[in-house]
Every structure is written in structure tokens, then in C-alpha cells.
Amino acid sequence: MHGSGIPGIGDIPNNNNNHSTNNNIPQFRDDNSLVSSDNQFEAHITKPYTVKNGDNNSSSNGNLVEINTSSNTPSFTEIDNSNNNSNKKHETIQYDEVKMNSHDDDDDNTNERTDNDRIIIKPVNDEDDTSVIITFNQKMSPFIIILTFVASLSGFLFGYDTGYISSALVSINKDLDNKILTYGDKEIITAATSLGALISSIFAGTAADIFGRKPCIMFSNIMFVIGTIIQISAHTFWQMAAGRLIMGFGVGIGSLISPLFISEIAPKMVRGRLTVINSLWLTGGQLIAYGCGAGLNHVHNGWRILVGLSLIPTCLQFVFFMFLPDTPRYYVMKGKYEEAKQVLRRSYVDTTEEIIEQKVHELRELNKSIPGKNKAVQVWNTIKELHTVPSNLRALIIACGLQAIQQFTGWNSLMYFSGTIFETVGFTNSSAVSIIVSGTNFIFTLIAFFAIDKIGRRVILLIGLPGMTVALAICAIAFHFIGIKFNGNDAVVSNGGFSAWGIVIIVFIIVFAAFYALGIGTVPWQQSELFPQNVRGIGTSYATATNWAGSLVIASTFLTMLQNITPTGTFAFFAGLSCLSAIFCYFCYPELSGLELEEVQTILTDGFNIKASKALAKKRKQQARMVQEHLKYEPTQEIIEE
Ligand SMILES: O[C@H]1[C@H](O)[C@@H](O)[C@H](O)[C@@H](O)[C@H]1O
């Protein structure tokens, strides 16, 4: 990144407000531009304008630029009150354009000026800023909320379908092939879904770019329905495994497309939050699956009901999507600009046609499609571009790195085997404790929902990973004192029964769940924001496939690890990985909250640019506060940064 100051827009309520300002009387030049007396600031009026009366008393933070054009000697003031510290150095910013809001070029009154102008400014030497970023009313429309909720039903299905299996395996009993499932059978049935998800996630990103996000989600619904029907009618082990595999195809597609879809429709200031809604459905789905599993445990054929229940959200999602559109970014990729505009109009209700046009224009500018004489060549070129363009490669390292960390720090082994672990340390009601653990996962995902945009992704990761390290290390120590021995597939506690160290283990597994859900359980699913439009599909495919490969490896090696390197060794291993992961995030994960999707690439262009990302994220949040503050007074006016 060049330079450290990252100036932004100046939205100017021009009404002699009471900021502590650095007054400076600029002059109009012949070409109608303004220049401050110290020559540090200049501004060009590019359009004729009419000036509106207003009574804004905004007292926002950040760099405001005030240009009072109501008199013949206009005043021109820069205010840097970002931390209310009067000693703080003013940034030196030159302003290129001054645009007047709400005007009509043909209007008779276009040159009339009165008090209280609103002026929108673009800094010219803002090297850290992207070209055309439009900041307009970021209020959430009901339409965006509906789209988010419908898309994140995929998250629910992901959670429910990975969550129900542990109780289903217990209650299946002799229902398949008339014999009790062996340990190996259970592993295959569990792993089949992860395998299916791994396979489909490899292709899902490319499919999303070719066919669209919405058709892919609808295709995943069909996979869910087929997979579920095969399972609930299964009387043989292989039929059950096949059903789980096909359902896994649906899980993999949904796990990739749903966060992608949400991040493409979300206003930037709430993009993190809206994407976390998918994670909330996911962890909620796991919790509900555990709860239903416990409830249906003793019901005859209860597992078939448990599996069958997942048909409800799948069918609902399919039907809803028949009436909903795809994302504006996808429409722009396909040259369907009118469709893109229609979605934007419904998404940003208080917005003028001019801004919609500009937004589509901006998306078109940034949508540099990758050439190739046919689809296969295009895909190959996209893969090349993903690895050879430095910002893409960095995005890939971060996205895959975070997904690998999410899986290799061991959470899912606890999800799948927490019952076994709790029994080992002396808890008889292990399913109740498992519900508490997945409930903690859900509650802390909710906390992440509130923190992810406000506090930022980087901060919650850097709180979560060290917290996980400590919790895992304490579990490792406690396991040492409990002294577990493995005998085949059975664990024998040498100290016998329930002990104080057993309580320590339960408590710190719950603490681990909390720190996990707060950071690494949630943040990697923000992966779509790392990639530019042209490689987003394939980039997120890599990352999602990393997630499922990790889940497959960990779920199938955890019990073996417990046996071969002891629980102390296993937990110490996960603690070590969590610690290394914290170091990785500290050096490589920039703060992306509040940034436009397109700004993320600027950040990653010549390094991970942690410092610059933090500054830009801070700036964008200040600006958003300014805009919100201003909209309180004039809710129908939009602020344009151009
Ligand atoms: O983000 C989710 C969540 O943390 C789940 O609890 C976990 O089972 C998944 O593997 C993960 O991707």
C-alpha cells in the first residue's frame, strides 16, 4: 500500500456547525474550482447545482470537509476530529471534485446558491482508495433480510445433517441388514456426507459462475431430497451410505454458495453480520439435531423421522427461490444489467436511479471477465489467474488457511465424539453435556454476529485462537491426571469414575467451544469477500474443499490419535496448532470489516497490509457513522462518494 493516510469522503452539511475547525478561506478560481489559501486543498465543481435548505447539525467523527458556498468568499474548512484530539495533525488531502447533491442539469435554478449546501468530495491523492466506491444509504431493506434468511437455510441443512448422525447411529440399532453396525460401518456412514461435500465443493464454485448462485442452491435442494429419501427408506448399510453421500453433495454446494450469495447481496457495513446468519443457522441446526436426536432416541424408527425432518427446510428453500432473484454481481457477470438494477432497486429502497446506475457501472468496471475460447479454457485461465495474481494468491492463502485452521484445531472431533469423551471422564448423561457444548457453539456464534462488523473479524480471531490454545492446553493437562488407557475401541479411566479433573475437562471443553465459535468457527465463512469477482467462485471452492477435507481427516483420525498419542498428546497437539494459527492470523489476516468487496483486493495487492487494512476499516466505519448520522436528518438524500 502506498501512504498511510486513507482519506475518504467529505459529506458536508454546510451550516456553520460548531466543530473545532481549522478555518481557512479558499478562493474560487477562473475554472470554477476552489483552492484553500494554503494551497493544500482544492476542489472542482463539476456540475451546476441547486442548493437545498437544511438544518443539519451533524457532529460526526472523521475528516469532514466543509465548503460554505453561500457567500462570495466561500469558506473551506477541513476538520479532523477523528479522535477529538485537537493536537492531532491534519491530514493533507487534495480534493478533486466537488459535486452538489440533488440537482438537475436542465433545471432553471441550477446556479442558484443558498445556505446549507451538501457537497460530496473525492480525494485525489487517495492512493489507498479504490476508484469508484459508492456509499449510499446502507439501511437494510426487508428484501435483503428475506434473501439472507432464505439463502442461509443451506446453513441450517449443513448443521442439521452433520448434527443428526451421532444420535441416528445409536438408534439405528439393527435396522440396516438386520445386524448391529460395526465401528467401521459407523465411520463410513458419518464420513460419506463429508466426502460428498468435499467432491461437490470442488465443482460448486465454477458451477455458480456458469449457471448462477440461485440455480446451484436449487440443485443442492434436489440432492438433499434424493439423499434424504434414500436414507429414510434404507434397509441396508450401503443404501444408507449412498443416501448420505448424495446428501453430502447438497451439503457441499450449500456450504459454499450460501455465504457467497449473502456476501454478494449484503451492504458492506453489515456484510459480516449477514454472513454470520448463515453460521447461526448452521450451529442452530446442529443444536436442534442434537435436541431432536435426544428426544427421538427411544422412538421406534425415530432415526427415520430425524432424517426426514430435514426435508422441510430443503423444500421451503426450493419454493422460496422460485420467486427470488440471483445476486446483482452475478447478473453483471452475465451482462444482465437490467436484472442487476432491479435487484439493487429492491435491495436499497431509498435510493435514486442515478445511484443504481452508478453502482451497476461500478460493478461492470470491476468485472473483468477472464478470456478463453470455451468454458474449459476459461476455467483453466481462471485457475491460473487465481495462483499468479499476487492479491488472488494472498486471498487464497488466507481463505484456505482459515478453513484448515477451523478444522485442524479439532472442533469437529469434539462435535462428533464429545459423548464418548464425556463418558470417558465419568459423565453418564453424556448427550446432555453434548447439547450444552453445541449450545455454547450456537450462543457464541450469536456473539460473533454482534462483534464481526463492529469489533472486526481480525480482533475476534485474535481473541478466539489464544483462548482456544489455553483451553486445550488445560484439557491436555487434566487428561494427564485422569490417566485414560485404551483397550481396543474402549477407553478405561485408570483413576475410575468421575473426578475433579473430569469437571475441569468438561468446563474447558465448553470454554474451548466458546472461543472457537467466537472466532475461527465463524470468520472463515466470510471467505467470499477475499476474492475479486472473476475468481470468487473457484477461490471459494478451494477454501470450502479445504474445510471438508480437514473435516474428513480429523473425524476419521481422532479416535486413532486418542489411542496412539493419548488424549493428553491429542489435546496438546491441537493446542499447538491453535497457537501457530494465532500467529498466522496475526501476520496474515487483514481487517476487512466495513470494506467494499472490491476494496479488499486493493488491500492485498502488495502484501497482507495489516496496518493499512486496520486504518481503512476504521475510516470506513467512521464514514458510515457520518452517513447514518446525516441520514437521521435527511433520510431521503443519498451520499455519493465518487
Ligand atoms: O463453521 C462451522 C461450525 O463451526 C460448525 O460447528 C462446525 O461443525 C463446522 O465444521 C464449521 O464449518
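Residues numbered from 1 in each chain as written. Predicted model: local features only at pLDDT ≥ 70, side-chain atom pairs only at ≥ 80, totals over all residues. Heavy atoms only, no water.

Let's shift gears to the overall build of the chain. For the chain, the count of helices and strands is 21 helices and ten strands. Classification of the 642 residues of the chain by burial places 58% in the buried group. Put simply, 79% of the contacts in the chain that link residues at least 6 apart link residues at least 24 apart. Here the chain displays about 24,900 Å² of accessible surface, and carbon together with sulfur accounts for 61% of that area. (Helix = DSSP H or I, 4+ residues; strand = E, 2+ residues; numbered from the N terminus. Buried < 20%, exposed > 50% of the residue type's maximum accessible area, 1.4 Å probe, protein only. Contact = heavy atoms within 4.5 Å. Areas by Shrake-Rupley, 256 points an atom, 1.4 Å probe, with all protein chains shown as cover.)

Quick look at the site of the ligand now. The environment of the ligand is made up of F158, L282, Q286, Q406, Q407, W411, N412, N441, Y516, G521, W525 and N547. Within the side chain of Q406, a nitrogen or oxygen atom sits 2.7 Å from an oxygen atom of the ligand. Taking W411, its side chain carries an N or O atom lying 3.0 Å from an oxygen atom of the ligand. Considering the ligand on its own, with 300 Å² of exposed area, one finds that the protein chains cover 97% of that surface. Of the residues belonging to the shell around the ligand, the class tally is five nonpolar, seven polar and no charged. (Near = heavy atom within 4 Å. Polar contact = N/O pair within 3.5 Å; in protein donor to acceptor, adjacent residues only side chain to side chain. Nonpolar A, V, L, I, M, F, W, Y, C, P; charged D, E, K, R; others polar.)

This part takes up unusual backbone geometry. The phi angle at D177 is positive, at roughly 55°, despite the residue not being glycine. Among the structural elements, D177 can be located in the loop between α3 (165–172) and α4 (183–211). At T566, a residue that is not glycine, the phi angle is positive and equals roughly 65°. Here T566 is to be found in helix α19 (residues 533–588).

Secondary-structure assignment places P590 in the loop between α19 and α20 (597–604). Separated by 24 residues in the primary sequence, P590 and K614 place their C-alpha atoms 7.1 Å from one another. The residues touching P590, leaving out its near neighbours within four places in the chain, are I398, R458, I603, L604, F608, N609, I610 and S613.

Let's shift gears to empty space enclosed by the protein. Considering all chains together, one arrives at eight cavities of 30 Å³ or more under this definition. One number sums up the size of the largest cavity: a volume of about 210 Å³. Listing elements by their share of the lining of the largest cavity, those giving two or more residues are α2 (153–163), α7 (271–296), α14 (390–408), α15 (411–424), α16 (430–454), α18 (500–518) and α19. Top contributing element to the lining of the largest cavity by residue count: α7, with four residues. Its residues placed into classes, the lining of the largest cavity shows eight nonpolar, 13 polar and no charged. (1 Å grid on protein atoms, 1.4 Å probe; cavity = no way out; pocket = protein on both sides within 12 Å on 5 of 7 lines; lining within 4 Å. Points joined across faces, edges and corners; volume = space filled by probe spheres on them.)

On inspection of all chains with the given rule, the structure shows eleven salt bridges. For D185, the salt bridge is made with K179, and the minimal N-O distance between the two is 3.8 Å. By relative accessible area, K179 is classed as partly exposed at 42%. Here R457 and D453 are joined by a salt bridge, their closest N and O atoms 3.0 Å apart. Look at D453 and you get buried, because its relative accessible area is 7%. One salt-bridge network, in which partners are shared between bridges, spans E338, K341, R345, E353 and E357. (Salt bridge = Lys/Arg side-chain N within 4 Å of Asp/Glu carboxyl O.)

As a further point, take helix α13 (residues 375–388). Helix length check: α13 (14 residues) gives 20 Å between terminal C-alpha atoms against 20 Å at 1.5 Å per residue, within 8%. Among all positions in α13, only N381, T382 and L386 are buried. The arc that holds every buried residue of α13, seen down its axis, measures 145°, which confines them to one face. Exposed and oriented more than 90 degrees from the buried face of α13 are A376, W380 and T388. Those residues of α13 hidden inside the fold are in contact with α14 and α19. Structurally, the start of α13 carries an N-cap: the backbone nitrogen of A376 is 3.1 Å from a side-chain oxygen of N374. (Expected span 1.5 Å × (residues − 1). Arc of directions from axis to C-beta.)

Enumeration according to the criterion identifies 18 aromatic pairs in this entry. Judged by centre distance (6.3 Å) and plane angle (40°), the rings of W411 and F512 are tilted. Note that W411 is positioned in helix α15 and F512 in helix α18, a separation of 101 residues in sequence. The exposure class of F512 is buried, given its relative accessible area of 1%. Ring geometry for F573 versus F574: centroids 5.9 Å apart, planes at 50°, classification tilted. A relative accessible area of 2% means that F574 is categorised as buried. An aromatic cluster is defined as three or more aromatic residues linked by ring pairs; in this entry it consists of F149, F156, Y160, Y164 and W281. A cation over an aromatic ring shows up here: R273 above the ring of F449, its NZ or CZ 5.3 Å from the ring centre. (Phe/Tyr/Trp six-rings, centres within 6.5 Å; stacked < 30°, edge-to-face > 60°. Lys NZ or Arg CZ within 6 Å of the ring centre and 35° of its normal.)

With that out of the way, let us pick up the confidence of the model for the chain. When the pLDDT values of the chain are averaged, the result is 77; 74% of them are 70 or greater. With pLDDT under 50 throughout, residues 44–137 is counted as low confidence; its partners more than four residues away or in other chains account for 286 contacts. Here residues 633–642 is a poorly scored stretch, pLDDT under 50, and it has 45 contacts once near neighbours within four places are set aside; other chains count. Predicted complex metrics record ipTM = 0.98 and pTM = 0.76. (pLDDT = per-residue confidence, 0-100.)

Before going further, it helps to examine the side chain of K621. Along the polypeptide, K621 turns up in helix α21 (residues 610–633). No salt bridge is formed by the buried K621; the nearest opposite charge belongs to E591, separated by 5.1 Å. Only 3.4 Å separates the side chain of K621 from the backbone oxygen of K454, close enough to count as a polar contact. In contact with K621, other than residues within four places in its own chain, are M269, D453, K454, I455, G456 and S593. (Lys, Arg positive; Asp, Glu negative; His and termini not counted.)

Taken together, V299, I305, L309, I312, L316 and F320 make up a surface patch of nonpolar side chains, about 490 Å² in accessible area. Top element by residues in the nonpolar patch is helix α9 (residues 311–322). It accounts for three residues. Among the structural elements, F320 can be located in helix α9. (Patch = residues over 30% accessible without salt bridge, like charges linked within 9 Å, V, L, I, M, F, W, Y side chains within 5 Å.)

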